[in-house]
Amino acid sequence: MDETPLIRRFLPYLYWLIGLFLVYFVVNALIAPYASGITLSVQIVIRRLIEIGGFLLAIFAGLAIIEVYFYQIFFRQPRTILTAWIVRILQGVFAGMGLLMVLAFFERTDLFRLQEGLLRSILYFPNTLVDGLRSTLMGIGLTKDSSGWMSGVVLIVIFAGLFFLNHQLTVPRSSKLGMAYLLVLPAFIGVLVLIIYPFLFEIKLAFSNASLGTQATKNAQYGLIYGWNNLVTLFTGTVAKDATFFEVLGRTVLWTVINVVFHVSGGMALALLLHRPMKLQGFYRTLLVFPWAVPTTIVAMALRNEFDSRYGLFNILLSNLNSWLVDVSQGMVSVPVLGEMFAWLAAHIGPVSWRQDPFWAFVSVLITNIWLGIPFMMVIILGGLQSISHEYYEAAEIDGASKFQQFRHITLPLLRPVLTPAVILGVVWTFNKFDVIYLITQGGPQEKTDILVSSMYKAAFSFYRYGFTAMFALVIFVILLAFALVYLRVSGGLKSVTE
Amino acid sequence: MTSTRFSSLRRALRWFFVRSRGDSPFKTLLIHLALIGASIIAVYPVLRVVTISLRPNDALLTTDLRIIPQNATLDNYRTVLFGDPTKNRQSDFFLWLWNSFSVVAVTSIISVILAAVSAYAFSRFRFPGRSAGLVFLLTTQMIPAGMLLLPLFIMLAQLRMINTSLGLIIAYSVSSVPLTIWTLKGYYDTIPIDLEEAALIDGATRFTVFTKIILPLSSPALAIAFLFSFMGGWSEYLVARVVLQKNDLYTWPLGIFTYAQQFTVAWGQFAAASVMIAVPVMVLFLYSSKWLISGLTLGSVKG
Amino acid sequence: MASVTYRNVVKKFGDVVAVDNISFHVEDKEFLVLVGPSGCGKTTALRLLAGLEEVTSGEILIGDRVVNDVPPKDRDIAMVFQSYALYPHMSVFDNMAFGLKLRKMPKEEIKRRVYEAAEILGITNLLNRKPRQLSGGQRQRVAVGRAIVREPKVFLFDEPLSNLDAKLRVQMRAELAKLHQRLQTTFMYVTHDQVEAMTMATRIAVINSGRLQQIDTPQNLYDHPANLFVAGFIGSPAMNFFAGALHMADGKLVVETDDFVLPIPAERAVQYQKYAGRKIVFGIRPENIHDVHFIPPNIHGERVNVKVDVTELMGNEIFLYLVSGKNSFVARVDPRCRLRVGDQAQVVFDMDKFHIFDAQTEEALR
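Report on the accompanying structure. Treat the numbers as computed from the prediction; the structure is a model and nothing was measured.

**Quick word on the pattern of salt bridges**
Next, step 1: One pass over the structure, following the stated rule, counts 30 salt bridges over all chains.
Next, step 2: The shortest N-O distance in the salt bridge between Lys185 of chain B and Asp189 of chain B comes to 2.9 Å.
Next, step 3: What makes Asp189 of chain B partly exposed here is its relative accessible area of 29%.
Next, step 4: With a closest N to O distance of 3.1 Å, Arg113 of chain C and Glu109 of chain C form a salt bridge. Of this pair, Arg113 of chain C and Glu109 of chain C both sit in helix α3 (residues 107-121), four residues apart, roughly one helical turn.
Next, step 5: Residues participating in the shared-partner salt-bridge network are Glu109, Arg112, Arg113, Glu116 and Glu151 of chain C.

**Focus: the packing of helix α4 (residues 93-124) of chain B against helix α10 (residues 219-234) of chain B**
All names here are of chain B.
Next, step 1: Put simply, α4 and α10 touch, their axes get as near as 8 Å, and they point 140° apart. The orientation of α4 relative to α10 falls into the category oblique. Crossing geometry of α4 relative to α10 is assigned as right-handed. On α10, the residues touching Leu97, Ser100, Phe101, Val104, Ala105, Ser108, Ile109, Ser111, Val112 and Ala116 of α4 are Leu222, Ala225, Phe226, Ser229, Phe230, Gly233 and Trp234.
Next, step 2: Looking at side-chain class alone, the contact of α4 with α10 contains 12 nonpolar, five polar and no charged residues.

**Considerations on the packing of helix α15 (residues 358-386) of chain A against helix α17 (residues 403-432) of chain A**
Residues and elements named next belong to chain A.
Next, step 1: It is the contact of α15 with α17, at a shortest axis distance of 10 Å, that shows an interaxial angle of 150°. By the angle between their directions, the pair α15 and α17 is classed as roughly antiparallel. The hand of the α15/α17 crossing is right-handed. Contacts between α15 and α17 involve Asn369, Phe376, Met377, Ile380, Ile381, Gly384 and Leu385 from the former and Thr411, Leu415, Val418, Leu419, Ala422, Val423, Gly426, Trp429 and Thr430 from the latter.
Next, step 2: Of the residues contributing to the contact of α15 with α17, the split by class is 11 nonpolar, five polar and no charged.

**Describing the sheet that holds strand β2 (residues 16-26) of chain C**
Residues and elements named next belong to chain C.
Next, step 1: In space, the four strands of this open sheet follow the order β2-β1-β4-β5, with antiparallel pairing throughout. Sheet topology places β2 and β5 (65-66) at the edges, where each strand pairs with a single neighbour.
Next, step 2: The sheet contact formed by strand β1 (residues 4-13) and strand β4 (residues 57-62) spans five bridges and is antiparallel. Among the inter-strand pairings, Val4 is bridged to a residue of β4, identified as Ile62.
Next, step 3: The strands that helix α1 (residues 42-50) touches are β1, β2 and β4; relative to β1, the one it contacts most, it runs at about 115°.

**Observations regarding the sheet that holds strand β11 (residues 240-249) of chain C**
Residues and elements named next belong to chain C.
Next, step 1: Taken together, the five strands give an open sheet; going across it, the order is β13-β12-β11-β14-β20, and neighbouring strands pair in antiparallel fashion. Here the strands that pair on one side only, and so sit at the sheet edges, are β13 (261-263) and β20 (355-358). Across the sheet, the mean angle from the axis of one strand to that of its neighbour is 40°, orientation sign disregarded.

**Examining the packing of aromatic side chains**
Next, step 1: Taken as a whole, this structure holds 69 aromatic pairs over all chains when the rule is applied.
Next, step 2: When the centroid spacing of 5.4 Å and the interplanar angle of 80° are considered together, the rings of Trp292 of chain A and Phe376 of chain A count as edge-to-face. With Trp292 of chain A in helix α11 (residues 290-293) and Phe376 of chain A in helix α15, this pair connects stretches of sequence that are 84 residues apart.
Next, step 3: Classification of Phe376 of chain A as buried rests on a relative accessible area of 13%.
Next, step 4: When the centroid spacing of 4.5 Å and the interplanar angle of 5° are considered together, the rings of Phe307 of chain A and Phe314 of chain A count as stacked.
Next, step 5: Look at Phe314 of chain A and you get buried, because its relative accessible area is 19%.
Next, step 6: Following the ring pairs from residue to residue traces out a cluster consisting of Phe242, Phe260, Tyr272, Tyr275, Phe282, Phe329, Phe349 and Phe354 of chain C.
Next, step 7: Between the NZ or CZ atom of Arg465 of chain A and the centre of the ring of Phe468 of chain A, over which it lies, the distance is 3.9 Å.
Next, step 8: The cationic tip of Arg268 of chain C hangs over the ring face of Phe354 of chain C; the distance from NZ or CZ to the ring centre is 4.1 Å.

The rules behind the values
Counting of residues starts from 1 at the beginning of each chain's written sequence and follows it residue by residue. Starting at A for chains and at 1 for ligands, labels are handed out in the order in which the entities are written. This being a predicted model, a pLDDT of at least 70 is required before a residue's local features are given, and a value of 80 or more before pairs of side-chain atoms are given or counted; all residues contribute to the totals for chains, interfaces and linings. Water and hydrogen atoms play no part in the side-chain values, which are based on all heavy atoms of the structure. The rule for a salt bridge is simple: a side-chain nitrogen of Lys or Arg has to be within 4 Å of a carboxyl oxygen of Asp or Glu. Each residue's exposure class comes from its accessible area (1.4 Å probe, protein chains only) as a fraction of the maximum for that residue type: buried when under 20%, exposed when over 50%, partly exposed otherwise. Working definition: helices are DSSP H or I runs of at least four residues, strands are E runs of at least two. Numbering for both runs from the N terminus. Note on geometry: axes are C-alpha line fits, over the in-contact stretch for helices, and angles between N-to-C directions span 0 to 180 degrees. In these notes the angle categories are as follows: under 35 degrees is roughly parallel, over 145 is roughly antiparallel, 65 to 115 is roughly perpendicular, and the rest is oblique. In this scheme, a crossing is called left-handed if the near helix is turned counterclockwise away from the far one by less than a right angle; it is called right-handed if the turn is clockwise. A contact between two residues is defined here by any heavy atoms of the two lying within 4.5 Å. All amino acids are sorted into three groups, where Ala, Val, Leu, Ile, Met, Phe, Trp, Tyr, Cys and Pro are nonpolar, Asp, Glu, Lys and Arg are charged, and the leftover types, Gly among them, are polar. Any two strands between which DSSP finds at least two bridges are classified as paired. Think of it this way: a Phe, Tyr or Trp ring, Trp meaning its six-membered ring, pairs with another when their centres are within 6.5 Å, and the plane angle makes it stacked under 30 degrees, edge-to-face over 60, tilted otherwise. Placement of a charge over a ring requires the Lys NZ or Arg CZ to be within 6 Å of the ring centre, with the centre-to-atom vector within 35 degrees of the ring normal.

See below:
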């Protein structure tokens, strides 16, 4: 039907291909003199592409198989009683195999443990089948990698055949909800594997004594008593190595409150300054969102060195300020009050030890996080301000409201729908955000700058207290959940979310 | 003469002082000064990184505050990019970038594909479990990133996926998938349902409606969701540190942290690497910030 | 080419009954307009026919086929939406060709049909544009064109003109009527605007709160409204209503309201004799109330004392807003009328053209 020649239709793709090759050769030629100094090579790229490609194929093939299976359940029905038997048995076997594979996955990840024996071999029956297929393929001369690929292909062919058989034995039927469930299914499986399962696993872990000594879950013991012990340790012992739970909790609250207050007030101030007709507005705006635009990791690592006692930016500035104050106070030594004041300032303002002094260490992470977070709030508030109609202000002005009254009675109330969720999210994010702390102070000195989540991270990955960390995580989760519930109560439920 | 000169000066001043009603020139000046001050605070620390990257190796430890240092040099950049032949050291910079890119791109692809499909169901169908699902997805945004890391880490360890990029892909998908579903659901909600009904009457099946109407219409949103997810994982450090322990798998945040750990020669190289990574990211960010913000307001603030 | 039949159709959304037991039959090639106030269920009734909603009970037939379980794509219908619902990512040509492409029609045939339809609607020069580059009227035409190319059995229109400005609406009204003449197909058209209904329809179905009130030709609907709702809904300005009762006085049948008594002419009194003593609503259209100086010849006029409240000059006529005791009503009188605001005057009711409704059931008394 289509009269455009094949070559014409594929021309764009051809151009792309040629372009890519050209780029490759040019870059290769440019880099050639330095190639010996670069560890990345074409082999590495290709190896990674094959690895990831196989992974993606496996995921999508698996999802496709499950989708087709449910499609046939929702949208096909057997023709006759006889075919009904065949179809249902086929589907039953499929579901049984699937269930076994899921259970085997649980077993393998140590959610539960089976002794060697009949039960275990039943559980691993599907896996044994696949392994058998693979070793057969290796037997006929395939390598380890390609046998993996081939067995995948063989499996897909088998499933395709079964589905085709099923298709032949059934007739279509309509289903109102089938479509919706088929669409949600892939994400549902994803969430099940990525979130729900780990969460259940964490609950189990919380009631264990798993640690480095037990080789994680390998020799771990489970029981309510371990959960109780973990809980007791959490509230009475140390959360990581030095600090106690309530000390860290207090600091977390402080961390969250200070950050959010500064983010909102700073963002509000800047947004109010920007929200007016003026020159260079876009320019200022661009400059002001810089802290948000730079990757956090880079900022944190860069500022980490700027807090160095001698060569860091902050102490350079402070020592410059100090010497200026010293100069001034010496010049003014004869002036009565001012002289004394500058002398006092010169004596008290100067370089501080950001790394060793717990107070200043905490200030250093606060400064960084506040600096990072203001642009986000500024942009959100600016958006809110721009959505407020100018007529309200004109009406208020005619009514004789002062600038402050306008802010108090128009801007603030009308910003609420934007501000409230932003503040709530800000609180949750800040509560959970510890990359700045971890990268700048690593919680030090003596865990005096740790917040709950960073303590938890360290308990797990620096001190390997796995069972304890799981319980710790659950407690943090409960705290956040309580906060969320209060918020939902205050904001009037979830109606707005689900509509 | 003087009057014309005076008026041109006045014109120049007026250009600068476009005033909102009632603001005196003095106030306008103050506002500009405040904004300039804030801009300096916002930009100077970033500029410092550029400065340090340009410093020659023998002048790293200095209390100099100039933006372009004395004897500025690009040596650090060369070392980061191509290694240091004199000391027989190779550069891992491109390897790190490739590691990061491959992991984050695949995470984003998976999230966008899963989300494109399921967000459509959440936006258009009313099925039992819908609101529970949405609330659940919202709740996942409240879970601390580190909270599921431990069980995930142990799971991955059992499956022998620690120290593989696949493990990191899985770990990143945990936060990326729900967020992407939310973003896309918000966008789908804005597509008028009339279009779908028109297509249904025109002879389309539900499936054709999705592929021929919804997907083409939401291609910008898909791109933004991809960008969102990509930005979320691109500079991630804490999870990567746990999952990857082998040098040749390091993503760039892990990589440049090896530079940043000491206050030595490597500081300059850290700065150079940071600049080279941050500049494209920032350009992309500033270019796409309009959409990022609308996405944020759609996806999060609305919730 | 097909007839459409609604048989006891009910549609519920949860507890809300949107369409309440509607039955009617639309002949082949008819232009049926469903009209009613917003939220009355007329659009739902149309969407049921399109297959965009499922009926709760009852049957809908296109031709002789029950289509209750037929998906929209197989019903052989085309629909024009209020929002036009043009696919924003497709050119005008692709918009019109979309349905045909989905049906795997040969390319040549698609091209022929699209160009033919574009010719009819005068949009041939727009075929390569995207919808966002079109004006409201042009979009409207494309939406109609998209329906035409399909050559469906039934055309459905869901308030297609409500997004156009007044002038364009009048123009499109005429064009749609012409299109119906030309295509000789069944049209089902939903609107809340009774003027649209009156000007285009071969028959009108008036719907209120989910129920079919009356289905008839425009003229019959206007002259013989079946109930109070139809009488009030059709016609602009709306019919005047006076609560009152029928009485026998001095051997003559009279309508007695709070403020005046009107004798019914002998030839019509026969018809209403049997209702004497009943509480009724007396209805008369504004154009049947005249200024005393300009009474048309040969009518049974009855004088009523009024005070003029507001006057609206329309150029070719004058609307008088009148007050008589507790009743206020409108008269549409000759433009030469000299009455001004505040005047005490007399107007004449044309007693050959009134309507009487039962006060209880609101049905017309005949």
